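Architecture at a glance
Residues per chain are reported as follows:
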Amino acid sequence: NPRPRCLSTPPDAFQLHPDNVKDLENDLRDVMKPHTAANLKESKGNKLKDFVQVSGVLGVSHFLMLSATEASKYVKVCKTPRGPTLSFRVHQYTLAREVLASQRNPRAPKNAFLSPPLVVLNNFGDAPHQKLATITFQNLFPAINVRKVKLSTCQRAVLIDYDKTTGRFQARSPHTGPHTAASAW
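Residues numbered from 1 in each chain as written. Predicted model: local features only at pLDDT ≥ 70, side-chain atom pairs only at ≥ 80, totals over all residues. Heavy atoms only, no water.

This paragraph deals with the side chain of Thr134. In this fold, Thr134 is placed in helix α4 (residues 128-140). Overall, Thr134 belongs to the buried group, its relative accessible area being 18%. Ignoring any residue separated from it by four or fewer positions in sequence, one finds Thr134 in contact with Leu121 and Phe124. (Helix = DSSP H or I, 4+ residues; strand = E, 2+ residues; numbered from the N terminus. Buried < 20%, exposed > 50% of the residue type's maximum accessible area, 1.4 Å probe, protein only. Contact = heavy atoms within 4.5 Å.)

Spelled out as structure tokens, the structure:
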């Protein structure tokens, strides 16, 4: 019997990847913390069907799947068990370690990953694909009760912007505070 999901239960996510996007996958896991399968180890024998079967029991609501071809890298955001699935081509990205290395005084507090990030969606319109993306990105992270949240726990944000001229989504995950460190994916 799959464990019933309560509305107060935050969404969890699996990240599945090929070997050549391991660094991007680690950064993506950091963005999704604390509600992610951080210690998930997949093997060559695992199929997507295997993960879908255990997702209900483990309370996993989304899969983030990375893939790569010679031409580009791709991210798929899948809602379990029956979708929808959003596919994105990764045009460019910067790893968190590269951003931290470029800063004079890098700020990367360890306790920042103990609470979920704030989600900021910008320039999402009324087109059907933008509405679907809005709902998917909102449900990827737990809802925040503004009246009960402690501001000291709000140390990260996920900024997702839709550029109408290029038709692309841009995502960033900065640390909030007097000094910011951003990683783009």
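A few words now on unusual backbone geometry. The omega torsion across Lys33 and Pro34 is 5°, close enough to zero to call that bond cis. By the secondary structure assignment, Pro34 is in the loop between α1 (22-32) and α2 (48-58). With a phi angle near 65°, Asn123 is a residue other than glycine that sits in the positive phi range. Mapping Asn123 onto the fold places it in the loop between β5 (118-122) and α4. Take Asn123: its relative accessible area is 37%, and that puts it in the partly exposed class.

Let's shift gears to the nonpolar core. Side chains of nonpolar character tend, in soluble globular proteins, to be buried together. Membership of the largest hydrophobic core comes to 20 residues, with the highest contact counts inside it found for Leu64, Leu66, Val77, Phe137, Leu140, Phe141 and Ile160. Elements that contribute at least two residues to this core include exactly α1, β2 (60-68), β3 (73-79), β4 (85-90), α4 and β6 (157-163). Tallying contributions element by element places α1 first for this core, with four residues. (Core = buried A, V, L, I, M, F, W, Y, C linked by side-chain atoms within 4.5 Å.)

All right, on to the pattern of salt bridges then. The tally for this structure, following the rule as stated, stands at four salt bridges. Among the salt bridges present, the one from Glu25 reaches Lys22, with a minimum N-O distance of 3.2 Å. Placement of the pair is Glu25 and Lys22 together in helix α1, with a separation of three residues, close to one helical turn. Overall, the relative accessible area of 0% leaves Glu25 in the buried class. By relative accessible area, Lys22 is classed as partly exposed at 36%. Connected through shared salt-bridge partners, Lys22, Glu25 and Arg29 make up one network. (Salt bridge = Lys/Arg side-chain N within 4 Å of Asp/Glu carboxyl O.)

Over the atoms, a rolling probe the size of a water molecule traces out where space has been left empty. What the largest pocket holds in volume is close to 730 Å³. Forming the walls of the largest pocket are 29 residues, and the residues nearest its centre are Arg89, Arg168, Phe169, Gln170 and Ala171. Within the residue set of the lining of the largest pocket, elements represented by two or more residues are β3, β4, α4, β6 and β7 (168-172). Looking at the lining of the largest pocket, its residues break down into 16 nonpolar, eight polar and five charged. (1 Å grid on protein atoms, 1.4 Å probe; cavity = no way out; pocket = protein on both sides within 12 Å on 5 of 7 lines; lining within 4 Å. Points joined across faces, edges and corners; volume = space filled by probe spheres on them. Nonpolar A, V, L, I, M, F, W, Y, C, P; charged D, E, K, R; others polar.)

In this section: the confidence of the model for the protein chain. Averaged over every residue, the pLDDT of the protein chain is 79; residues scoring 70 or more account for 83%. Mean pLDDT values for the elements of the protein chain range from 57 in strand β1 (residues 12-16) up to 92 in β4. Low pLDDT (under 50) marks residues 1-8, which in the prediction has 11 contacts with non-local residues, meaning those over four places away or in another chain. A low-confidence stretch, residues 177-185 (pLDDT under 50), is modelled with 30 contacts involving residues beyond four sequence positions or located in other chains. (pLDDT = per-residue confidence, 0-100.)

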